[in-house]
Amino acid sequence: MNKMNTKNWKVILILSTSPLFIVLAMVVSVLYGVKDIGIVTIWQAITHFDANNVDHNIIMTSRLSRVIAALLVGAALAVSGALMQGVTRNYLASPSIMGVNDGSAFVITLAMVFYPGLSNVHMILLSMVGSAIGAGLVFGFGSLVKNGLSPLRLAIIGTVIGTFLSSIASAIAMFFQVSQNVSVWYSSKIHTVNPDMLILSIPFIIVGLLLAVSISKSVMVASLGDETAISLGQRTKWVKIVSILSVVCLTGTAVALVGKIAFVGLIIPHITRFIVGIDYRFIIPCSAVIGAVFLAFCDVLSRYINFPFETPIGVVTAFIGIPFFLYLIRVKGGEQRG
Amino acid sequence: MDRGKIQFSRYILTLLAFILLTLVAGYFHLTNGAFDMSVMDVIKTLLRIDPNPKFDLVIFQFRLPRIIIASLVGIGLGMAGTVIQGITRNGLADPGILGINAGAGDAIVAFMFFFQMSGVTFFKESWFSILAMPLFGFVGGLAAVVVIFIFSWRNGALDMQRLILTGIAISSGFGALSLYLSLKMNASDYEMAAVWSVGSIYSANWTYIIMITPWVLILGFVMYRKSYLLNYFQLEDSSTKSLGISVEKEKLIFLLCSVGIVSVCVSVSGSIGFIGLMAPHIARRLVGINHRYIMLSSAVVGMFLLVISDYFAKTLFQPAELPVGIVVSIIGIPYFLYLLAKSRV
């Protein structure tokens, strides 16, 4: 009981200080970049926007939309990862490992080839369809195969099906000679995020996050195992369906917005679980906050690694994520479940 | 005894059949393409009867080197796959899945980056780069193996779960590193690195052939000579030791040879996955479980698979060409999933 209280205290601390950190991330992200902009100018740009002022334009069209995209995508990916890890009870489950990203990129490639010039809403919707296809293939195959949802096998199946989808996508893209457009589309393009798309994607992400929060209690029960969940009177199928819907909403929108970003959905839920414990009612909101702030800072970092050129943010998250992934294998590799 | 004879004749039959199949595939490869030639043209050109410079160019500069490279790389990957599956005792292991391809590939992208940027065209196609590129690849492949060992060594043995998971992590890590380096390159090097890294043999030429042939021959010979040891490795390590075999040393030699051969292949053709996985399986189906037979059978199967895949890569989407690595993945992944569904790892 006492232990629970300390965890609660941490949750309250994280959630109550989160606005502070988010604002801090926004200020840092808007302040630093190739062109240094003073904090006074930022304030002026927000209060008295002047369309003829170059600095104001940079702030409003590029930097601000960029940091908002990073925050939204970070939250979306972290929450999808947390949901997947909870529902499958697999410590490696995450959007990128389970082929969700690749499925989405696959369908977007098809769309760019066969229906060029689709509107942004359609792109987001198609991206979701793709996420659903990717997740469906991996989950479907995983549940057909014996022991297929164990961490090892799911990781193999996800990686391999992901490779398959992206191979077919690149074959098609090469044939129709749009591979450059496609690679620009899904190799982490956070620095050129489209403001119209960003505004469109906000409702989708909010719906996804609300779905996730609404089932967080059931996810906690599900994470105890199917038998326990059923004996506690839980409709496990329903929980799985809602969480897949939420994952599809969140990851599909994230890929449509900024492309494939690996490892955020894997590591953030682990870090969050380490801080707040195993209760998914706390993990889900906290990982949203931590993921958002994490990705925003990765984005700032990506401007400086190869200054003054941008480094794809996916490279930054991979460099941070891979040591962590190896650590997870080292610590948990022998277990069947995490 | 009688059964042994049957096994042996099946082995010889398999070798002959796949060599024949490769020749047939090679024949299609030679005659078809953007520039169609008749059978007689090809034969005349090859036998130097009434040489026509146009046919000479197509055959000797483009098609023949490509077929030879595909064969050599297929042989190398097939043998390396047999070794990796043999010493890890896991039918799902493959140089690509373990991240050896990615490690070697990354080192080669680094090589392109450091030696070919800033307009030092002197190095391109020079003997220095021809000799140094596979060595760079070898260092990268070894780095991948070292990481694999550090993270999957447990209680004095390789832990299979960790082995494969570490391989996945290494692959994506080296992939990110390659992406980072290739973005810093100038445009033409980037193009080269990008095409090369998905696994393609467009740019096959005779210098590449000279570069990889000795490696494939020497390392292949060592692996073939030692292939009987792989049979003992299927037993528990303690029983193998009691037979007087120094398991660790032999495994190390095997591992170094296969990393070497894979690195050489990667340095000319980029990362081609799944051949090292499929070839040993098909070979095992055909000739049984004796590794002495599997080794060469897997080499010829790999050779055939890669030549025919390259033919498809060239002709399927004419006039556009696919990198052969993509064709191999599209064929190989369903097969891999099938194996996974059947196995009980």
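Residues numbered from 1 in each chain as written. Chains lettered and ligands numbered in written order. Predicted model: local features only at pLDDT ≥ 70, side-chain atom pairs only at ≥ 80, totals over all residues. Heavy atoms only, no water.

With that out of the way, let us pick up the overall build of chain B. The secondary structure content of chain B amounts to 14 helices and 2 strands. Whereas a compact globule of 345 residues would reach a radius of gyration of roughly 20 Å, chain B reaches 20 Å, a difference of no more than 12%. In chain B, which comprises 345 residues, the proportion classed as buried is 56%. A sequence separation of at least 24 residues applies to 77% of the contacts in chain B between residues at least 6 apart. Of the accessible surface of chain B, which amounts to about 14,700 Å², a share of 70% is contributed by carbon and sulfur atoms. Side chains of chain B give 24 positive and 17 negative charges; the mean places of these two sets differ by 9 Å. (Helix = DSSP H or I, 4+ residues; strand = E, 2+ residues; numbered from the N terminus. Rg over C-alpha atoms; globule rule 2.2 N^0.38 Å. Buried < 20%, exposed > 50% of the residue type's maximum accessible area, 1.4 Å probe, protein only. Contact = heavy atoms within 4.5 Å. Areas by Shrake-Rupley, 256 points an atom, 1.4 Å probe, with all protein chains shown as cover. Lys, Arg positive; Asp, Glu negative; His and termini not counted. Charge placed at Lys NZ, Arg CZ, Asp CG, Glu CD.)

Residues and elements named next belong to chain B. Counting all residues, the mean pLDDT for chain B is 84, and 93% of those residues have values of 70 or more. Across chain B, the secondary-structure element scoring lowest on mean pLDDT is strand β2 (residues 157-158), at 69, and the one scoring highest is helix α13 (residues 291-315), at 94. Below pLDDT 50 for its whole length, residues 118-123 participates in 5 contacts with residues either more than four positions away or in separate chains. Here the predicted complex scores 0.84 on pTM and 0.81 on ipTM. (pLDDT = per-residue confidence, 0-100.)

The interface is formed by 39 residues belonging to chain A together with 39 residues belonging to chain B. Together chain A and chain B conceal approximately 3,500 Å² of surface at their shared face, both sides included; 77% is due to carbon and sulfur atoms. A per-residue breakdown of the area chain A buries against chain B is headed by A:Leu152, A:Arg153 and A:Arg330, which together make up 18% of the total. Applying the counting rule to chain A against chain B returns 0 salt bridges. Scanning the region where chain A abuts chain B turns up 1 residue pair in polar contact (both at pLDDT 80 or more). When residues of the side of chain A that touches chain B are traced back to their parent elements, those giving at least two are α6 (151-175) and α14 (313-332) of chain A. If one sorts the elements of the side of chain A that touches chain B by residue count, α6(A) sits on top with 16 residues. Each residue belonging to the side of chain A that touches chain B can be placed in one class, and the counts come to 25 nonpolar, 10 polar and 4 charged. (Buried area = accessible area lost by both parts, 1.4 Å probe. Salt bridge = Lys/Arg side-chain N within 4 Å of Asp/Glu carboxyl O. Polar contact = N/O pair within 3.5 Å; in protein donor to acceptor, adjacent residues only side chain to side chain. Nonpolar A, V, L, I, M, F, W, Y, C, P; charged D, E, K, R; others polar.)

Inspection of every chain in the model, using the stated rule, returns 17 aromatic pairs over all chains. Taking 6.4 Å as the distance between ring centres and 85° as the angle between the ring planes, the aromatic pair formed by A:Phe319 and B:Tyr180 counts as edge-to-face. Note that A:Phe319 is positioned in helix α14 and B:Tyr180 in helix α6 (residues 160-184), a pairing that runs across two chains. Relative accessible area serves as the criterion here: at 35%, A:Phe319 is assigned to the partly exposed category. For B:Tyr180, a relative accessible area of 14% corresponds to the buried category. Considering the side-chain rings of B:Phe8 and B:Tyr293, the 6.1 Å spacing of their centres and the 55° angle between planes classify their relative orientation as tilted. Note that B:Phe8 is positioned in helix α1 (residues 2-31) and B:Tyr293 in helix α13, a separation of 285 residues in sequence. Judged by its relative accessible area of 42%, B:Phe8 is partly exposed. (Phe/Tyr/Trp six-rings, centres within 6.5 Å; stacked < 30°, edge-to-face > 60°.)

This paragraph deals with helix α11 (residues 247-269) of chain B. Residue and element names in this part refer to chain B. Relative to the 33 Å expected for 23 residues at 1.5 Å per residue, α11 spans 32 Å between its end C-alpha atoms, a close match to the ideal helical length. Judged by how many residues are buried, α11 sits mostly within the fold: 18 of 23 residues are covered. Positive phi appears at Gly270, one or two residues downstream of α11, with a value of about 75°. (Expected span 1.5 Å × (residues − 1).)

Within this structure, the stated rule accounts for 7 salt bridges over all chains. A salt bridge links A:Arg66 to A:Asp299; the shortest N-O distance between them is 2.8 Å. Pair noted here: A:Arg66 is in helix α3 (residues 54-88) and A:Asp299 is in helix α13 (residues 280-304), with a separation of 233 residues, a long-range link. Residues B:Arg66 and B:Glu321 are paired through a salt bridge, measuring 3.1 Å at the closest nitrogen-oxygen approach. Highlighted residues: B:Arg66 in helix α3 (residues 53-88) and B:Glu321 in the loop between α13 and α14 (324-342), separated in sequence by 255 residues. Taking relative accessible area as the criterion, B:Arg66 reaches 7% and is therefore assigned buried. Connected via shared salt-bridge partners are A:Arg66, A:Asp299 and A:Arg303.

All names here are of chain A. Within the secondary structure, Thr109 is located in helix α4 (residues 100-114). Residue Thr109 is classed as buried on the basis of its relative accessible area of 0%. From its side chain, Thr109 meets the backbone oxygen of Ala105 in a polar contact 2.7 Å long.

What follows deals with a nonpolar patch on the surface. Residue and element names in this part refer to chain B. Residues Ile19, Leu20, Leu23, Val24, Tyr27, Phe28, Val39, Met40, Ile43, Leu46, Leu47 and Ile49 make up a contiguous nonpolar surface patch of roughly 1,100 Å² in combined accessible area. At the level of secondary structure, the elements contributing two or more residues to the nonpolar patch comprise α1 and α2 (39-46). The element best represented in the nonpolar patch is α1, accounting for 6 residues. Residue placement: Ile19 occurs in helix α1. (Patch = residues over 30% accessible without salt bridge, like charges linked within 9 Å, V, L, I, M, F, W, Y side chains within 5 Å.)

Here we take up the packing of α3(B) against helix α8 (residues 206-225) of chain B. Residue and element names in this part refer to chain B. Interaxial distance between α3 and α8 falls to 10 Å at its minimum, and their mutual angle equals 25°. Classed by the angle they form, the pair α3 and α8 counts as roughly parallel. Between α3 and α8 the crossing geometry is left-handed. Counted together, Phe60, Leu64, Pro65, Ile68, Ile69, Leu72, Val73, Ile75, Met79 and Val83 of α3 and Trp206, Tyr208, Ile209, Ile212, Thr213, Val216, Gly220, Met223 and Tyr224 of α8 form the full contact between these two elements. (Axes fitted to C-alpha atoms, helices over the stretch in contact; angles between N-to-C directions. Parallel < 35°, antiparallel > 145°, perpendicular 65-115°, else oblique. Left-handed = near helix turned anticlockwise from the far one by under 90°.)

Here we come to the packing of helix α12 (residues 275-287) of chain B against α14(B). Residues and elements named next belong to chain B. Running from N to C, α12 and α14 cross one another at 55°; their axes reach a closest spacing of 9 Å. Put simply, α12 runs oblique to α14. Note on packing geometry: the crossing formed by α12 with α14 is left-handed. Contacts from Ile275, Leu277, Met278, His281, Ile282 and Arg285 of α12 reach α14 at Val328, Gly332, Tyr335, Phe336, Tyr338, Leu339 and Lys342. Split into classes, the residues belonging to the contact of α12 with α14 amount to 9 nonpolar, 2 polar and 2 charged.

What follows deals with α13(B). For α13(B), with 25 residues, the first-to-last C-alpha span of 35 Å sits near the 36 Å given by 1.5 Å per residue. Most of α13(B) sits inside the fold, with 21 of its 25 residues counted as buried.

Once that is clear, we can look at unusual backbone geometry. Non-glycine residue A:Arg89 carries a positive phi angle of around 55°. With respect to the element layout, A:Arg89 can be found in the loop between α3 and α4. Phi is positive for B:Phe274, which is not a glycine, with a value near 70°.

So, on to the nonpolar core. Proteins that are soluble and globular tend to have nonpolar side chains buried together. Ranked by size, the top nonpolar core spans 211 residues in total, and within it B:Ile69, B:Ile212 and B:Phe336 carry the most contacts. At 17 residues, the largest contribution of residues to this core is made by α3(A). In this structure B:Phe336 touches A:Ile156, A:Val160, B:Leu92, B:Ile97, B:Phe274 and B:Leu277, once residues within four positions along its chain are discounted. (Core = buried A, V, L, I, M, F, W, Y, C linked by side-chain atoms within 4.5 Å.)

Quick look at the state of the cysteines now. All names here are of chain A. Scanning the entire structure with this criterion turns up 0 disulfides over all chains. Looking at the unpaired Cys286, the closest cysteine sulfur is the one in Cys298, lying at 19 Å. On the basis of relative accessible area, Cys286 is assigned to the buried category, the value being 0%. (Disulfide = S-S within 2.5 Å.)

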